[in-house]
Amino acid sequence: MAELHQTPTSLCCCRKSLPVSGAPRCVGDSGSRPSVGPGPGTPRCPLVDVASASNFRCFQLRHLHLDLRLNFAVKEMSGWMVLDLVPVQPGVQTLVLDSHPSLLIQSIDCKVPGSGQEEPVSLTYRVDPFTDYGSSLNITLPSAVKPGRLIQITVRYTTTDGPAIWWLDSELTCGQSRPLVFTQGHSVCNRSFFPCFDTPYTATVRVPDGVTVLMSASRSSFSKEDRVFQFSMEFPVPSYLVALVAGELQHVDVGPRSRVWAEPCLLSCAVKKLGGSVERWLGVAEELFGPYLWGRCDIVFLPPSFPIVAMENPCLTFIIASILESSEFLLIDVVHEIAHGWFGNAVTNATWEEMWLSEGLATYAQRRITTEAYGEAFTCLETAVRLDALHRQLRLLGDNNPVSKLQVKFEPGVNPSSLMNLFTYEKGFCFVAYLSELSGDVRRFDCFLRDYISEFKFKSVVAQDLIDYFLRYFPELMDAAVSQREGLEFERWLSGSGPPLFEPDLSAGGALTRPVQDLCDLWRSREAPDLKTLESFDLSAWSTFQIVLFLDRMLDLSPLPQDVMASLSGCYSSLFDGLNAEVQIRWLQMVVRNSFYPELPRVRAFLHKHTSRMYTVPLYDDLVAGVMKCVAVEIFNQTQRRLHPNLRRTLQQILFQPGPASTNQNGPALSIVPPSPSPSPSTQPQPAAVALRDVNVSA
């Protein structure tokens, strides 16, 4: 178990310390590496985490243990949590934990080992309002509590309908034979799963017969006789990365340290899609960024009700089963979550205002992995699709919108999840790519990232830590004052709104992207192109990302004349109908936005088939924004019983309430919603509602 540093003024929202020690050397590099921390005369001020009510600076957490019983009949988790913690400041009389109104606290007691008191002491507590996404649990500590002396706090509680816990009736699962439950903690939801501090943890989970439990843990065991699962995470993790799923789950090993979990009806498809790729991707990542620190790299595919595309829980990545339709999108999503094993999980952003430190670095790492595994052209094509989406979002929001900043300052009470958007991914990626460009050589920058992980692993950082380390790692760049280059100042990168100040050269993907743009140019005119001219473009031989790029750019040109839409339909509709949902949804968005009624039966069929948020919300948004609202209401009435209640509420808001629909239907904290490949130009999103509605990205 990694030891947590005790400097109270260095702790942050993830409650893990900021580093002060020197960095080890990169393999193959004979030079010394810089020490970390602010330079002389630049003391770091204590961080304020406005998303947390807890007094985490007053304690060092040694361990968290959860003991839970799952009751599917009443949709409850009940049990207790034990915290082993050490006060690090004198005069601490209260422990404050982040909690949620959906947690029913039954009792709290305390033991002070070595105090001579054998029996636990019952403690008084109160629950105070904090924000619309949580509350504060204030626990009065006994007088025996002294700095440096271990205490054990036991909180007995029951969960109800909180934002972190998603109960699925059997008809909402893929196999439709048994119910299932999963948790989704990003970014501040897990306070409705257990009162939060961040720490290594263990867990005991009791379940009915036939239910398998998985957690984001480095070790696990199972007692068949007692139906008890035991888990332990030996490394310190932020609380949002504690995850649980329980249901009818089976597995197949796909590598020496990875297995695929899914409901029985999905398992063979998932295994066939991934094959031995997971170990290959892990191996490439290790060559680039150093050893994989988490031991296991398992993947569990969840039903369409999973509210985002994927989540990088350590040792156990959650992925929505809907993405299995598209091999290329599946590849990108899994590689992105693998990259989080280094960037986001091993080294975590210290506050939610700098989420790009996780997502931007993971996106850069993802693209380094795909470049090594599949070539530069493939990576440039995928990057072009995402950067197109970034600029599309900028056109909707405007260059001066503060949500486009990498360092987004938000006031107390603002839900951090509402600020999760494409900028944290793609603008963050562009900044990291700019740092790589400054280093002069991508391999040299790989080496920097290896040492960055080695130095900061199992700690939380702010942007200045990354920048300080970068400039000390490359002293010639510090001497050249690259952080102050006019128009490319690091401070402007971080606090300026608008587009990235630098974008990487994507010309290596020209052989894949040029035909796409050439075809778009042919369809750009107000008249349909000559069919003979189109014969040189064989879309059946194109990759998914090429077709997606084509359709996204055609969506940008909508509305189109009806004869052009008729020609597009005649040329491509039957082809698209046989391709994956990522292609189909974009074509159907074109159908809806252009009010092309001959294709309306395909829209109906798609929404009857797909029940995930990522493939329903974008189409309903477009149907309501145009002249087809009555069609949307009719489809909703026919399909609503097969939708998760949270998605049902979202669609009801879109259909029946004025103004932008809330993306948060399992409580205020869950606005991390995928998917719309191309947001509707007729709807101007508000900053707080941007989230992931406008693009299909994974967490």
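Residues numbered from 1 in each chain as written. Predicted model: local features only at pLDDT ≥ 70, side-chain atom pairs only at ≥ 80, totals over all residues. Heavy atoms only, no water.

So, on to the overall build of the protein chain. In terms of regular secondary structure, the protein chain is built from 19 helices and 22 strands. Going through the 699 residues of the protein chain one by one, you find that 63% of them count as buried. When the accessible surface of the protein chain is summed, it comes to about 24,900 Å², and 50% of that surface belongs to carbon and sulfur atoms. (Helix = DSSP H or I, 4+ residues; strand = E, 2+ residues; numbered from the N terminus. Buried < 20%, exposed > 50% of the residue type's maximum accessible area, 1.4 Å probe, protein only. Areas by Shrake-Rupley, 256 points an atom, 1.4 Å probe, with all protein chains shown as cover.)

With that settled, the discussion passes to the sheet that holds strand S19 (residues 310-311). Taking strand neighbours across the sheet as the criterion, the five strands line up as S16-S17-S18-S20-S19 in an open arrangement whose pairing is mixed. At either end of the open sheet lies a strand with only one pairing partner, and these are strand S16 (250-255) and S19. Pairing geometry for strand S17 (residues 258-262) and strand S18 (residues 298-302), over two bridges, is parallel. Note that in S18 the partner of Val260 across the bridge is Ile299. (Pairing = 2+ DSSP bridges.)

Quick look at the packing of aromatic side chains now. Applying the stated criterion across every chain, the model contains 45 aromatic pairs. A ring pair is formed by Phe72 and Trp167, whose centres lie 5.4 Å apart and whose planes are at 90 degrees; its orientation type is edge-to-face. Of this pair, Phe72 sits in the loop between strand S1 (59-71) and strand S2 (76-87) while Trp167 sits in strand S9 (residues 165-168), and the two are 95 residues apart along the sequence. Trp167 gets classed as buried once you look at its relative accessible area, which sits at 10%. Between Phe182 and Phe306, the aromatic rings sit 5.3 Å apart at their centres with planes inclined by 70 degrees, giving edge-to-face as the arrangement. Here Phe306 lies in the loop between S18 and S19 and Phe182 lies in strand S10 (residues 180-183), a separation of 124 residues in the sequence. The two residues Phe182 and Phe306 agree in class, both being buried. Its end group placed over the ring of Tyr374, Arg280 keeps NZ or CZ at 4.8 Å from the ring centre. (Phe/Tyr/Trp six-rings, centres within 6.5 Å; stacked < 30°, edge-to-face > 60°. Lys NZ or Arg CZ within 6 Å of the ring centre and 35° of its normal.)

On to the sheet that holds S10. Taken in spatial order, the four strands of this open sheet run S9-S10-S15-S12, and their pairing is antiparallel. The sheet is open, and its two edges are formed by S9 and strand S12 (212-215), each paired on a single side. Taken over all neighbouring pairs, the strand axes of this sheet differ in orientation by 10 degrees on average, direction set aside. Two strands pair when backbone bridges link them, and S10 and strand S15 (residues 244-247) are joined in this way by two bridges, in the antiparallel orientation. When the sheet's bridge partners are listed, Phe182 is paired in S15 with Val245. (Axes fitted to C-alpha atoms, helices over the stretch in contact; angles between N-to-C directions.)

This part covers the pattern of salt bridges. Here the structure, examined in full by the defined rule, presents 28 salt bridges. Between Glu325 and Lys609 there is a salt bridge, with its nearest N and O atoms 3.7 Å apart. Placement of the pair is Glu325 in the loop between strand S20 (316-320) and helix H3 (327-340) and Lys609 in helix H16 (residues 600-609), with a sequence separation of 284 residues. The class for Glu325 is partly exposed, based on a relative accessible area of 31%. Put simply, Glu372 and Arg443 hold a salt bridge, and the shortest N to O gap is 3.1 Å. On the criterion of sequence distance, the pair formed by Glu372 in helix H4 (residues 356-374) and Arg443 in helix H7 (residues 442-456) is long-range, its members being 71 residues apart. (Salt bridge = Lys/Arg side-chain N within 4 Å of Asp/Glu carboxyl O.)

This part takes up the packing of H16 against helix H17 (residues 613-625). Where H16 meets H17, the closest approach of the two axes is 10 Å, and the angle between their N-to-C directions is 145 degrees. As H16 packs across H17, the resulting crossing turns out to be left-handed. Contact with H16, carried on its side by Val603, Phe606 and Leu607, involves Tyr615, Thr616, Leu619, Tyr620 and Leu623 of H17 and no other residues of that element. Residue composition of the contact of H16 with H17, by class: seven nonpolar, one polar and no charged. (Left-handed = near helix turned anticlockwise from the far one by under 90°. Contact = heavy atoms within 4.5 Å. Nonpolar A, V, L, I, M, F, W, Y, C, P; charged D, E, K, R; others polar.)

This part takes up the side chain of His340. Within the fold, His340 resides in helix H3. Of the polar contacts made by the side chain of His340, one reaches the backbone oxygen of Phe343; its length is 2.8 Å. (Polar contact = N/O pair within 3.5 Å; in protein donor to acceptor, adjacent residues only side chain to side chain.)

Sites flagged by UniProt as "binding site: Zn(2+)" (unreviewed entry) map to His336, His340 and Glu359. Their sequence span is 24 residues, while the largest C-alpha to C-alpha distance among them is just 9.0 Å; these annotated residues converge on one region. Relative to the helices and strands, Glu359 resides in helix H4. By relative accessible area, which is 1% here, Glu359 ends up buried. (UniProt positions renumbered as here; feature names shortened; annotations may be inferred.)

A word on the nonpolar core. Counting 226 residues, the largest nonpolar core has Ile153, Phe301, Phe550 and Leu568 as its most contacted members. Here this core gets eleven residues from one element, more than from any other, and that element is helix H6 (residues 422-439). Apart from the residues within four sequence positions on either side, Phe301 is in contact with Val260, Trp261, Ala262, Ala270, Leu274, Ile319, Ile320, Ala321, Leu324 and Leu330. (Core = buried A, V, L, I, M, F, W, Y, C linked by side-chain atoms within 4.5 Å.)

Taking 1.5 Å of rise per residue, the twelve residues of helix H19 (residues 645-656) would be expected to cover 16 Å, and the 16 Å separating its terminal C-alpha atoms lies within 8% of that figure. For H19, the complete set of buried residues consists of Asn646, Leu647, Thr650, Leu651, Gln653, Ile654 and Leu655. Looking at the buried positions of H19, the neighbouring elements they touch are S9, H17 and helix H18 (629-639). (Expected span 1.5 Å × (residues − 1).)

Quick look at the pairing of S20 now. Counting buried residues in S20 gives five out of five residues, a clear majority hidden from the surface. Burial along S20 is two-sided: the face carrying Leu316, Phe318 and Ile320 and the face carrying Thr317 and Ile319 are both buried. As paired elements, S18 and S20 share five bridges and run parallel to each other. Bridge pairing links Val300 to Phe318 in S20.

Bringing the UniProt feature "active site" (unreviewed entry) in the protein chain into the picture now. Feature annotation in UniProt assigns "active site" (unreviewed entry) to the following positions: Glu337 and Tyr425. Annotated residues spanning 89 residues; largest pairwise C-alpha distance 12.8 Å, indicating a single compact cluster. Inspection of the secondary structure puts Glu337 in helix H3. Overall, the relative accessible area of 3% leaves Glu337 in the buried class. Examined against the element boundaries, Tyr425 turns out to sit in helix H6. For Tyr425, a relative accessible area of 2% gives the class buried.

In this section: helix H11 (residues 510-523). Look at H11: 20 Å from first C-alpha to last across 14 residues, which is about the 20 Å you get at 1.5 Å a residue. All of the buried residues in H11 are Gly510, Thr513, Val516, Leu519, Cys520 and Trp523. Lining the buried residues of H11 we find helix H5 (376-397), helix H12 (531-534), helix H13 (544-557) and helix H14 (562-577).

The next thing to look at is unusual backbone geometry. A cis amide bond links His186 with the next residue in sequence, Ser187, at an omega value of -5 degrees. Mapped onto the fold, Ser187 is located in the loop between S10 and strand S11 (201-206). In this structure, Pro559 follows Ser558 across a cis peptide bond, with omega equal to 5 degrees. Along the chain, the position of Pro559 falls in the loop between H13 and H14. Within the chain, Phe458 stands out as a residue other than glycine whose phi angle is a positive 60 degrees. Locating Phe458 in the fold gives a position in the loop between H7 and strand S22 (459-461). Within the chain, Ser595 stands out as a residue other than glycine whose phi angle is a positive 50 degrees. When you line up the elements, Ser595 lands in the loop between helix H15 (581-593) and H16. Overall, Ser595 belongs to the partly exposed group, its relative accessible area being 24%.

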